[in-house]
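Observations on the model geometry
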Amino acid sequence: SCVHPDRPEPLDLHLGMFLPTLLNQATPEQMERFFTPAWNLRIIGTYAQTEMGHGTHLRGLETTATFDPSTQEFVLHSPTISSIKWWPGGLGKTSNHAIVLAQLHTQGRCHGLHAFIVPIRDMDTHVPLPGVVVGDIGPKFGFSEVDNGFLKLEHVRIPLDNMLMKFAKVEPDGTYVKPPSAKLTYGMVFIRSMIVGQSALALAKSCTIAIRYSAVRHQSELRPGEPEPQILNYQTQQHKLFPVLAAAYAFTFVGQYMKDTYRRISGDIHAGDYSQLPELHALSAGLKAFTTWAANAAIEVCRMSCGGHGYSRSSALPDIYVEFTPTCTYEGENTVMMLQTASRYLVKSYRQASVGQRLQGSVSYLSEAAAQRLRPRPVSGGAAPLSTQDLLSLVHLYQRRAASLVELAAKSIQQELQRGRSQEEAWNHSSIDLVRASDAHCHFVVVKLFVDKLEQVDDAAVKAVLSTLALLYALKGLADNSGDFLQAGLLTVPQATRVSARIKELLEELRPDAVALVDAFDLNDRKLNSVLGRYDGNVYEHLYEWARQSPLNATEVHESFHKYLKPLRSRL
Ligand SMILES: CC(C)(COP(=O)(O)OP(=O)(O)OC[C@H]1O[C@@H](n2cnc3c(N)ncnc32)[C@H](O)[C@@H]1OP(=O)(O)O)[C@@H](O)C(=O)NCCC(=O)NCCSC(=O)CCCC(=O)O
Ligand SMILES: Cc1cc2nc3c(=O)[nH]c(=O)nc-3n(C[C@H](O)[C@H](O)[C@H](O)COP(=O)(O)OP(=O)(O)OC[C@H]3O[C@@H](n4cnc5c(N)ncnc54)[C@H](O)[C@@H]3O)c2cc1C
């Protein structure tokens, strides 16, 4: 990571999952035996959970770890082709250890998924150990620097104390001791929380490149006879890029919040208080999905906004895209994560609120919504007056949209049940609504955190421009999702028209500050690694320079001319 800052590389899983999983799930003795050498890079580890046949449905994983009390060992085994571990980063060639997730069998019973530390390569020769079949899975969409691997375990024996036993335990006689909370073994909340910050960084990089380049690039005529304007002066260009800029700021604040929340709640967990784990799981799953989906789409908007040069790898945007897009899939596929937030949290909370329970945390608004439903509605009905200036009223609007979509999803489940479907069938037949509800909930959380953040800004000028960005973020989201707001009776058609007009004004207001706002992300040229996004704006000279370095230009006449073209021509 020192050689390629922010680029994927073979040690990512070691640093991002192997070490943190040890920190969270290893006993003090295991910390000494594994963490210290891992910290010193003698042990290089990866996190091997996904199998060829299953990534999402963890209960469907097939790898087994069977305890043999006669030797005090676990026998790790991949019983089928589909049970071969598949995808772990750094597994193919780099790692000498893996944390393997396997179904624990002891005393003839299966106790579900547990984590085991499995040495896979000889510590001196790096040759795979007996019974370990390991290799690289081949070329991918991107990530070519990373040896994502496969791992087939053939009755591989590891000592009893290689099971991560901070929570669940196996005694020497094979007795299984349950963890204090079954949910602790899921893990993954750490990385999901951190991915939110990665979304912000990917957005910040992309819009820095696209906005700087749009200030350098001149194209077409705005007024006949006048010099070609900077493309950043076109309203459509601003409409593409300024909402991305606003989202980059929003997600930066949400990323900081997620980091703090993770620290706070994981502190409680270490102290034995698990009460906030559901909130942390729901928030990290939902915001991981919400921010990665948004960033994934926005990177491509930025790339296309650079015209032809955006397609050149010199822009850095193609690499940013292929390196970022797997965040929508790994660490929990996004749709599945949205459904976790919806089901396990929003719908459950909705039901609790409906019977009058007061809710805490990010869903407390569902209590208010439930209370409002009990009050008689005003006779006039209709949407409340909308202020395109007042951020707090917009937060409230997002909150009411989320509440209404949660209600819609919960009602859909109810209706499906009344039709005689089973709970699971009713659930599947409502899952489009459930994902929509989660999306709206996350959108509300993002808008709220952005607005909350403004309260902490003292500098009046900074506060003013950040407020403009927050307003743009909120109104653009309103315009993009106007169907939801209209359907929920929170917006009228004339109000929607006013929102579009206000967005245009905000774009114009932001134009003079746009370049300064991306400079404020403080991403240096080395980190951006983009010819189009250079700080000095000297794009064309360096584009020419970059092309001259292309391997095809190493010789004036390419060997293909002598090998193929010339002989072919002589035969014609
Ligand atoms: C799909 C689910 C969420 C559901 O699993 P399930 O066993 O069917 O569970 P359920 O019945 O829905 O829920 C049971 C219960 O467990 C809770 N729960 C679920 N996940 C967590 C968690 N992480 N923390 C805390 N709690 C969790 C749920 O909310 C449920 O709670 P409840 O019973 O309602 O109170 C889960 O299995 C899962 O997380 N799958 C995704 C797998 C994944 O994330 N794999 C990542 C592999 S590593 C990787 O990709 C590395 C990337 C490379 C890089 O970072 O560079
Ligand atoms: C670059 C990269 C690196 C990775 N690194 C690692 C690693 O280091 N370690 C590791 O263990 N794994 C790793 N993975 C694997 C990754 O975690 C899984 O691919 C991911 O969890 C998704 O699981 P899946 O592939 O089984 O997708 P699937 O679950 O098969 O998803 C396919 C489709 O089915 C849908 N679907 C599945 N279940 C449901 C459901 N219940 N409800 C509705 N729709 C559903 C999904 O929404 C999706 O549209 C990596 C993957 C990639 C791409």
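Residues numbered from 1 in each chain as written. Chains lettered and ligands numbered in written order. Predicted model: local features only at pLDDT ≥ 70, side-chain atom pairs only at ≥ 80, totals over all residues. Heavy atoms only, no water.

Within an unreviewed UniProt entry, the label attached to the chain reads Acyl-coenzyme A oxidase, and the organism entered is Tetraodon nigroviridis. UniProt annotates the chain under Subcellular location (unreviewed entry) with the comment "Peroxisome". Taken from UniProt, the Sequence similarities (unreviewed entry) comment for the chain reads in full: "Belongs to the acyl-CoA oxidase family." (UniProt positions renumbered as here; feature names shortened; annotations may be inferred.)

With that settled, consider the overall build of the chain. Within the chain, the regular secondary structure consists of 18 helices and eleven strands. Once the C-alpha set of the chain is aligned to its principal axes, its extents read approximately 90 × 85 × 55 Å. Pairs at least 24 residues apart make up 72% of the contacts formed inside the chain by residues separated by at least 6 positions. Here the chain contributes 56 positive and 56 negative side-chain charges, whose respective centroids are spaced 5 Å apart. (Helix = DSSP H or I, 4+ residues; strand = E, 2+ residues; numbered from the N terminus. Contact = heavy atoms within 4.5 Å. Lys, Arg positive; Asp, Glu negative; His and termini not counted. Charge placed at Lys NZ, Arg CZ, Asp CG, Glu CD.)

Moving on, we get to the domain arrangement of the chain. Looking at the assigned domains, one finds that the chain contains domain 1 (11-173) and domain 2 (189-357 + 392-406 + 432-517). Taking the mean C-alpha position of each, domain 1 and domain 2 sit 36 Å from one another. Our count for the domain 1 to domain 2 interface comes out at zero salt bridges. Grouping the amino acids of the side of domain 1 that touches domain 2 by side-chain chemistry returns five nonpolar, four polar and two charged. (Domains from an automatic or database assignment. Salt bridge = Lys/Arg side-chain N within 4 Å of Asp/Glu carboxyl O. Nonpolar A, V, L, I, M, F, W, Y, C, P; charged D, E, K, R; others polar.)

In the neighbourhood of ligand 1, 23 residues make up the surrounding shell, with R59, K183, Y186, Q340 and K348 lying closest. Between ligand 1 and R59 there is a distance of 2.5 Å, counted from an oxygen atom to a side-chain nitrogen or oxygen. Between ligand 1 and G332, the relevant distance is 3.0 Å, taken from an oxygen atom to a main-chain nitrogen or oxygen of the residue. In the complex, 83% of the free accessible area of ligand 1, which totals 1100 Å², lies under the protein chains. Mapped by element, the contributors of at least two residues to the shell around ligand 1 are α3 (189-216), α5 (277-305) and α7 (334-354). Ranked by the residues each element gives to the shell around ligand 1, the list is headed by α7, at four residues. Taken together, the residues of the shell around ligand 1 break down into nine nonpolar, eight polar and six charged. (Near = heavy atom within 4 Å. Polar contact = N/O pair within 3.5 Å; in protein donor to acceptor, adjacent residues only side chain to side chain. Areas by Shrake-Rupley, 256 points an atom, 1.4 Å probe, with all protein chains shown as cover.)

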